[in-house]
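# Structure assessment
Chain by chain, the residues:
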Amino acid sequence: MVEETEVNELKKKGNETRRSQRKLGRSAIWAVLVLIIALGAAFFHTQKGKPCPCFQDSRKYTGIVEDCCCDYETVDAINGAVLHPLLQGLVTTPFFRYFKVKLWCDCPFWPDDGMCKLRDCSVCECPENEFPESFRRPPLGLPADDLKCQEGKPEAAVDRTLDSKVFRGWIEVDNPWTNDDETDNDEMTYVNLLLNPERYTGYTGPSARRIWDAVYSENCPKYASGEICQEKKVLYKLISGLHSSISIHIAADYLLDETKNLWGANPDLMYDRVLQYPDRVRNLYFTFLFVLRAVTKAKDYLEQAEYDTGNPEEDLKAQSLMRQLLYSPKLQAACPVPFDEAKLWKGQSGPELKQQIQKQFRNISAIMDCVGCEKCRLWGKLQVLGLGTALKILFSVDGEYRHHQHLQLQRNEVIALVNLLNRLSESIKLVQEMSPTFEKTIGELSLQPAAKLISSWKRLWETVVGDRLRKLPL
């Protein structure tokens with residue numbers, strides 16, 4: 001009887017032990033599950049805001065470009081097939097390769113304290129005997145060794161070498177949308193744009209940031225989410241699109257190794273500054289269509305203009321390419337009206353709002369005199385003048401809109417307008433070419449930490465839970 005009682009007690013204790021072990025095992029499993037969930041939450045929290053390979057398709061740009069009349073797919077197709085080749089040919093002709101510009105360093109807003117790292121920031125004057133007789137005048141600008149303007153960095157220099165013949169037959173009229181007085185020839189010089197490509201110059205730091213801060217914060221603040229003023233949205237998106245294009249060209253022609261003078265594309269910089277921000281890419285497309293609309297709207301004027309530089313063969317080429325651009329059947333069929341300017345400036349406040357935005361844009365053009373790098377200033381002035389010319393074509397030339405007023409453009413405005421459209425066209429092409437590569441690369445990179453995390457979870461499950469389950473009594 002005593003032995004039977006002892007056996008029962010031993011069985012009872014054994015059952016209790018097994019129940020305790022099972023309970024402990026379940027607790028361990030739940031603990032591991034909680035740990036897995038916590039690790040997962042931490043992982044996805046760290047990935048918040050980063051591209052996820054599962055959603056890469058949502059980052060592709062499809063549908064109508066906001067506030068425009070064409071879709072992204074059409075823009076990419078027509079740009080690659082028609083616009084980009086024509087524009088690349090146009091800007092190499094003598095008429096469009098020379099730009100008249102003020103390159104003096106007198107900033108109207110603050111003392112010039114910019115710092116440029118490379119000699120590509122500065123400008124080299126061309127010999128006076130290379131100017132046509134009608135353009136000869138006392139030396140302009142600052143001497144080549146003026147460190148205030150060049151900041152001691154010849155990579156920032158603008159090469160002012162010219163052909164022996166340039167322009168004739170154009171009148172000079174001022175642009176009320178921009179700050180520079182284009183009729184003031186005494187302070188302007190001609191620059192060969194082909195010898196001074198838009199590229200990385202090393203112009204960075206507080207001075208460079210202050211330029212864009214002044215442009216955005218004081219004259220072109222980002223509109224609020226509930227903003228109903230379409231005109232203010234347009235101004236912001238134009239500047240943002242131009243900014244994106246400039247950043248893309250800096251990244252596309254970057255000094256990769258200064259010791260070897262090795263230049264090439266910097267895709268990481270392009271992604272960091274533009275491609276990872278969908279709104280910046282969208283604004284680039286918007287600006288491109290806005291400027292394209294200005295060019296097509298002025299087709300009668302641009303077709304009849306004299307592209308005379310004293311080189312008959314090249315001048316005929318320029319005129320032919322311009323007509324192909326203005327009357328391209330593919331462009332007219334795919335995107336006849338890239339942007340509808342008629343929907344702006346409505347209501348009683350329209351004229352007053354137009355004057356306000358015109359003043360803001362003039363201030364933006366004046367800020368270009370504060371750029372502490374000559375080559376950056378050259379391209380900043382050219383592209384802002386090009387944008388100001390587009391505004392002049394699409395809207396008023398003063399505070400009031402006059403339907404009877406004939407369009408008048410001066411030579412420099414046409415040169416700036418076409419070169420700006422070419423810069424934007426090239427940026428669109430680069431975005432189209434680079435985006436798929438970045439999507440694939442980012443997808444692969446974002447998969448790596450996920451794979452490592454899953455592998456860690458699996459090992460943790462097998463070592464802790466699996467071992468615990470194997471030790472559980474049957």
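Everything discussed here concerns the structure shown above.
Just so you know, these numbers come straight off a predicted model, no measurement behind them.

Mapped onto the elements, isoleucine 64 comes out in the loop between α1 (2-46) and α2 (72-90). Classification of isoleucine 64 as exposed rests on a relative accessible area of 53%. Separated by 10 residues in the primary sequence, isoleucine 64 and threonine 74 have C-alpha atoms spaced 9.2 Å apart. In this structure isoleucine 64 touches Cys70, Asp71 and Tyr72, once residues within four positions along its chain are discounted.

This part is about the state of the cysteines. Scanning the model with the defined rule gives two disulfides in all. Between the sulfur atoms of cysteine 70 and its disulfide mate cysteine 335 the distance is 1.4 Å. On the sign convention where negative means left-handed, the S-S torsion of about 80° between cysteine 70 and cysteine 335 marks this disulfide as right-handed. Of this pair, cysteine 70 sits in the loop between α1 and α2 while cysteine 335 sits in the loop between α11 (329-334) and α12 (350-367), and the two are 265 residues apart along the sequence. Here cysteine 70 and cysteine 335 have matching classes, each one buried. Cysteine 68 forms no disulfide, and the closest cysteine sulfur to it belongs to cysteine 69, at a distance of 6.7 Å. By relative accessible area, which is 10% here, cysteine 68 ends up buried.

Quick notes on the rules
- Residues numbered from 1 in each chain as written.
- Predicted model: local features only at pLDDT ≥ 70, side-chain atom pairs only at ≥ 80, totals over all residues.
- Heavy atoms only, no water.
- Helix = DSSP H or I, 4+ residues; strand = E, 2+ residues; numbered from the N terminus.
- Buried < 20%, exposed > 50% of the residue type's maximum accessible area, 1.4 Å probe, protein only.
- Contact = heavy atoms within 4.5 Å.
- Disulfide = S-S within 2.5 Å.

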